[in-house]
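Chain and residue survey
Each chain is listed here by its residues.
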Amino acid sequence: MKYSKKDAKAYARANFKGIWAAALTPFTRELAIDEDGLHKNMAHWMDDLGINGVFVAGKQGEFFSMSLEERKRVFEVAVQAAAGRGGTIMSCSDQNMDVVIDLARHAQRVGADYIVVHAPLLHFFKAQDETLYEYYRYIAEKVDIGIALWSHPDSGYLMSPELCNRLADIENIVAIKYSVPRPMYTKLSQLAGDRILVSTASEEEWLDNIVELNWQLYLCSSPPCLLQTKTDRRMRQYTDLAFAGDFNAARLVRDSLEPVREALRRTRPTEKPHAHQKYWQELLGQVGGAVRRPLLELTESEKQATRQAFVECGLKL
């Protein structure tokens, strides 16, 4: 690790910033992890697209379809690929606490910058704040690496701003991917913005959050990899304009991407987000690859509709 546990918050404040993208894990036709493909994608994302860091083996990355050893191997490949290019944050989310700790220690050992842990499913619970506090406190006690919380409706509940504010006092909790309505993450920013980096996955809200909430971190989803090319880096461009204080110019660039966003939204089958995004990656010249079950592949007609929208969206190759 590049920092001590006691310095985790300060290190994150100084270095955990900019655009961090959620990586889709490329699989071969035989459904093996495509390590060369991941290397190629990460080099392109960081060198060509200006992405600052990559979120590895999360829900976008199909961690749920991987064995423990595969998840560890993806961590290793990502750290190797990112070396000298950008940062990594590893998803250690799992329902089994031993697996979370094992993955967290592995991430720390191989040189990841941070880890993220999704709030767990809590069956039969009505009031879960104390359970969640102890859950994250225990994980933080067992490792030194900086931890990002992650609250999302998939858990069946949302962590309150008040609970997150309390968790922000823990020494090595440094950030949160807060996939909640804007009033909730605004409140948390007001409560704990000096102790935890607050972010959300919505690219469409990113500029407003820089301007209105003084955010420094986009954490994170796949748009940074899907809305940009080597010659058309409009997300990077509007982010840099906003960080420089040129908000009007940033809004113009941000708004110009709406045809690309709309093409992605319009052609994405509800049950096939992973396959759709991987196919869009392939249209961009990235390595997409297959999805693993239980996920579904696109039909030929779905691919055709996506290709047509891609051609018409105005993204420059």
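This text follows the structure it describes.
Attention here is on the structure that accompanies the text. Computed from a predicted model, the values in this text were never measured in an experiment.

**Remarks on the overall build of the protein**
Regarding its fold elements, the protein presents 14 helices and eight strands. Taken over the C-alpha trace, the protein has a radius of gyration of 19 Å; the compact-globule value for 317 residues is 20 Å, and the two agree within 12%. Principal-axis analysis of the C-alpha atoms places the extent of the protein at approximately 50 × 50 × 40 Å. Counted over contacts in the protein with a minimum sequence separation of 6, partners at least 24 positions apart contribute 70%. Accessible area for the protein stands at about 13400 Å²; split by element, carbon and sulfur atoms hold 51% of it. The distance from the centre of the 40 positive side-chain charges to the centre of the 42 negative ones in the protein is 1 Å.

**Some remarks on the environment of M159**
As for its position among the elements, M159 is in the loop between β5 (146-151) and α6 (161-167). Taking the C-alpha atoms as reference, M159 lies 8.5 Å from L132; in sequence the two are 27 residues apart. Filtering out sequence-adjacent residues up to four positions away, M159 remains in contact with A119, L132, Y136, L149, S151, C164, L167, Y178 and M184.

**Description of the side chain of T239**
Secondary-structure assignment places T239 in helix α10 (residues 234-243). Among the polar contacts made by the side chain of T239, one reaches the side chain of W206 at a distance of 2.9 Å. With sequence-adjacent residues up to four places away left out, T239 is seen in contact with I19, W206 and I210.

**Observations concerning the packing of aromatic side chains**
Applying the stated criterion across every chain, the model contains 13 aromatic pairs. Here the guanidinium or amino end of K177 rests over the ring plane of F55, the centre of that ring lying 4.8 Å away.

**Structural notes on the sheet that holds strand β4 (residues 114-118)**
One open sheet accounts for eight strands, arranged β7-β6-β5-β4-β3-β2-β1-β8; its pairing is parallel. The strands lining the two open edges of the sheet, one partner per strand, are β7 (197-199) and β8 (217-219). Looking at each pair of strands side by side, their axes are set apart by 20° on average, direction ignored. The strands touched by helix α5 (residues 129-142) are β4, β5 and β6 (173-178); relative to β4, the strand with the most contacts, the crossing angle is about 155°.

**A short note on the pattern of salt bridges**
Opposite charge on two side chains makes pairing possible when the charged atoms of those side chains draw close. Per the counting criterion, the structure on display carries 29 salt bridges. Across the pair K303 and E300 runs a salt bridge, and its minimum N-O distance is 3.9 Å. With K303 and E300 both in helix α14 (residues 300-312) and three residues apart, this pair spans about one turn of that helix. A relative accessible area of 24% means that K303 is categorised as partly exposed. One salt-bridge network, in which partners are shared between bridges, spans E203, E204, E258, R261 and R265.

**As for helix α12 (residues 258-267)**
The complete set of buried residues in α12 reads V260, R261, A263, L264 and T267. Projected down its long axis, α12 shows its buried positions confined to an angular sector of 160°, all on one face.

**Comments concerning the pairing of β6**
Counting buried residues in β6 gives six out of six residues, a clear majority hidden from the surface. Following the chain from β5 across α6 to the adjacent parallel β6, one finds a crossover that is right-handed. Relative to β7, β6 runs parallel, the two sharing three bridges. Its bridge partner being in β7, I176 is matched across the sheet by V198.

Criteria and cut-off values
- Residues numbered from 1 in each chain as written.
- Predicted model: local features only at pLDDT ≥ 70, side-chain atom pairs only at ≥ 80, totals over all residues.
- Heavy atoms only, no water.
- Helix = DSSP H or I, 4+ residues; strand = E, 2+ residues; numbered from the N terminus.
- Rg over C-alpha atoms; globule rule 2.2 N^0.38 Å.
- Contact = heavy atoms within 4.5 Å.
- Areas by Shrake-Rupley, 256 points an atom, 1.4 Å probe, with all protein chains shown as cover.
- Lys, Arg positive; Asp, Glu negative; His and termini not counted.
- Charge placed at Lys NZ, Arg CZ, Asp CG, Glu CD.
- Polar contact = N/O pair within 3.5 Å; in protein donor to acceptor, adjacent residues only side chain to side chain.
- Phe/Tyr/Trp six-rings, centres within 6.5 Å; stacked < 30°, edge-to-face > 60°.
- Lys NZ or Arg CZ within 6 Å of the ring centre and 35° of its normal.
- Pairing = 2+ DSSP bridges.
- Axes fitted to C-alpha atoms, helices over the stretch in contact; angles between N-to-C directions.
- Salt bridge = Lys/Arg side-chain N within 4 Å of Asp/Glu carboxyl O.
- Buried < 20%, exposed > 50% of the residue type's maximum accessible area, 1.4 Å probe, protein only.
- Arc of directions from axis to C-beta.
- Right-handed = clockwise from strand over helix to strand, strands pointing away.

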